[in-house]
Amino acid sequence: MTATVAVLKPHFRRILLKLSGEALMGREDYGIDPEVLGRLAREIIEAQQAGIEIGLVIGGGNIFRGAGLAAGGMDRVTGDHMGMLATVMNALAMQDALEKLGAKVRVMSALKINEVCEDFIRRRAIRHLEKGRIVIFAAGTGNPFFTTDSAAALRAVEVGADLLLKATKVDGVYDKDPKKFADAVRYDRLGYEQVIANNLQVMDTAAIALCRDHDLPLRIYDMTRAGNLARILHGEAIGTLVNRG
């Protein structure tokens, strides 16, 4: 047992962690960086070993993004279906990384791909979580025009998560792009309505509305800094918290 696990006293019973597909690329231009995948898997297992039930949603932007394909002239529905399949590929890669470290994992897809993963069934997903399995929700919502952010919020509500975490490459939400503006200010806390009204691009509006309507707190944090996930679950106020202000 690592030192991180030993001192961690979970503040949450069940969480949903949203990872972007781009996060898996690391320093690569495309696909999956095995080193990044392994580090994320280790942090997820540390949290799970501390007694937290964990669900994951992983985007597919490192392989295909439906909106981007549509912008290039492809039919949007076709592009979105390709994006959903990309999330299945990422989910299987994460499953493999987690299982190599000894975790029990299930991939559940919103699209029927029975040969490689289970269909998403809400009650079965909850049962997997209760049995200590990490559940990876793939293929978004199963519908075009909905992002994996919306899928993450939806699955978090469906399984009764206490917290939705969005792992990014920045340390929270800013009033403007911190890469372009040196005077950008980071928010420690925001209300759902403030995010929507100011168009802060935390997650898409449908995802924020779901969180608001079901009073699900959302925290955005920097996943590139090792140990941040454990510190958040230990109760530290890292990144930006979005809740009912």
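Throughout, residues of each chain are indexed from 1 in the direction in which the sequence is written. With the structure being a predicted model, the display of local features is reserved for residues of pLDDT at least 70 and the display and counting of side-chain atom pairs for 80 or more, all residues being used for whole-chain, interface and lining totals. For the side-chain quantities, the full set of heavy atoms in the structure was used; hydrogens and water were omitted.

**As for the overall build of the protein**
Here is step 1 of the chain: Each helix corresponds to a stretch of at least 4 residues labelled H or I by DSSP, and each strand to a stretch of at least 2 residues labelled E; elements are numbered beginning at the N terminus. In terms of regular secondary structure, the protein is built from nine helices and eleven strands.
Here is step 2 of the chain: Relative to its length of 245 residues, the protein is compact, with a C-alpha radius of gyration of 17 Å against a globular reference of 18 Å.
Here is step 3 of the chain: The buried label applies to any residue whose accessible area, calculated with a 1.4 Å probe on protein chains only, is under 20% of its type's maximum; exposed applies above 50%, and partly exposed to all values in between. Per-residue burial over the protein gives 51% buried out of 245 residues.
Here is step 4 of the chain: Residue contacts follow a heavy-atom distance rule, with two residues in contact if any of their heavy atoms lie within 4.5 Å. Sequence separation of at least 24 residues holds for 71% of the intrachain contacts in the protein that already meet a minimum separation of 6.
Here is step 5 of the chain: Accessible surface, the protein: about 11,700 Å² in total, of which carbon and sulfur atoms supply 50%.
Here is step 6 of the chain: Charge assignment: positive for Lys and Arg, negative for Asp and Glu; neither His nor the chain ends contribute. Here the site of a charge means NZ on Lys, CZ on Arg, CG on Asp, or CD on Glu. For the protein, the centre of its 32 positive side-chain charges and the centre of its 30 negative side-chain charges are spaced 5 Å apart. Throughout, radius of gyration means the C-alpha value; the globule benchmark is 2.2 Å times the number of residues raised to the power 0.38. Shrake-Rupley sampling with a 1.4 Å probe provides the accessible areas, and residues are treated as covered by the protein chains on show and by no other component.

**Quick notes on the packing of helix H2 (residues 34-49) against helix H4 (residues 76-100)**
Here is step 1 of the chain: Between the N-to-C directions of two axes lies an angle of 0 to 180 degrees, each axis being a line fitted to C-alpha atoms and, for a helix, fitted only over the stretch in contact. The N-to-C vectors of H2 and H4 enclose an angle of 65°; their axes lie 9 Å apart at closest approach. Seen along the crossing, H2 lies across H4 with a hand that is right-handed. Here Leu37, Leu40, Ala41, Ile44 and Ile45 of H2 lie close against H4, whose contacting residues are Ala93, Met94, Ala97 and Leu98. Crossing handedness is read from the near helix: turned anticlockwise from the far helix by less than a right angle, it gives a left-handed crossing, and turned clockwise, a right-handed one.

**Describing the sheet that holds strand S3 (residues 105-109)**
Here is step 1 of the chain: Taking strand neighbours across the sheet as the criterion, the nine strands line up as S4-S3-S5-S2-S1-S6-S10-S11-S9 in an open arrangement whose pairing is mixed. Edge positions in the sheet fall to strand S4 (118-119) and strand S9 (189-191), since each has one partner strand and no second.
Here is step 2 of the chain: For two strands to be treated as a pair, DSSP must find at least two bridges joining them. As paired elements, strand S2 (residues 53-58) and strand S5 (residues 134-138) share three bridges and run parallel to each other. Its bridge partner lying in S5, Val57 is registered against Phe137.
Here is step 3 of the chain: Here helix H6 (residues 148-158) sits on the sheet in contact with strand S1 (14-19), S2, S5 and strand S6 (163-168), set at roughly 175° to S1.

**Let's talk about the packing of H6 against helix H8 (residues 205-213)**
Here is step 1 of the chain: In the contact formed by H6 and H8, the axes pass within 7 Å of each other and the chain directions differ by 15°. As judged from the angle between their axes, H6 and H8 are roughly parallel. Here H6 and H8 pass one another in a crossing that is left-handed. Here Asp149, Ser150, Ala153, Leu154 and Val157 of H6 come into contact with H8, specifically with Ala206, Ala207, Leu210 and Cys211.
Here is step 2 of the chain: Basically, the charged four are Asp, Glu, Lys and Arg, the nonpolar ten are Ala, Val, Leu, Ile, Met, Phe, Trp, Tyr, Cys and Pro, and anything else, Gly included, counts as polar. The residue inventory of the contact of H6 with H8, partitioned by class, reads seven nonpolar, one polar and one charged. For classification, angles of less than 35 degrees are called roughly parallel, those exceeding 145 degrees roughly antiparallel, those between 65 and 115 degrees roughly perpendicular, and all remaining angles oblique.

**With respect to H6**
Here is step 1 of the chain: Burial analysis of H6 places eight of its eleven residues in the buried class, which makes it a mostly covered element.
Here is step 2 of the chain: Along H6, the residues classified as buried are Thr148, Asp149, Ser150, Ala151, Ala152, Ala153, Arg155 and Ala156.
Here is step 3 of the chain: Each element contacted by the buried residues of H6 is listed here: S1, S2, H4, S5, S6 and H8.
Here is step 4 of the chain: Of the residues trailing H6, Gly160 is marked for its positive phi of about 75°.

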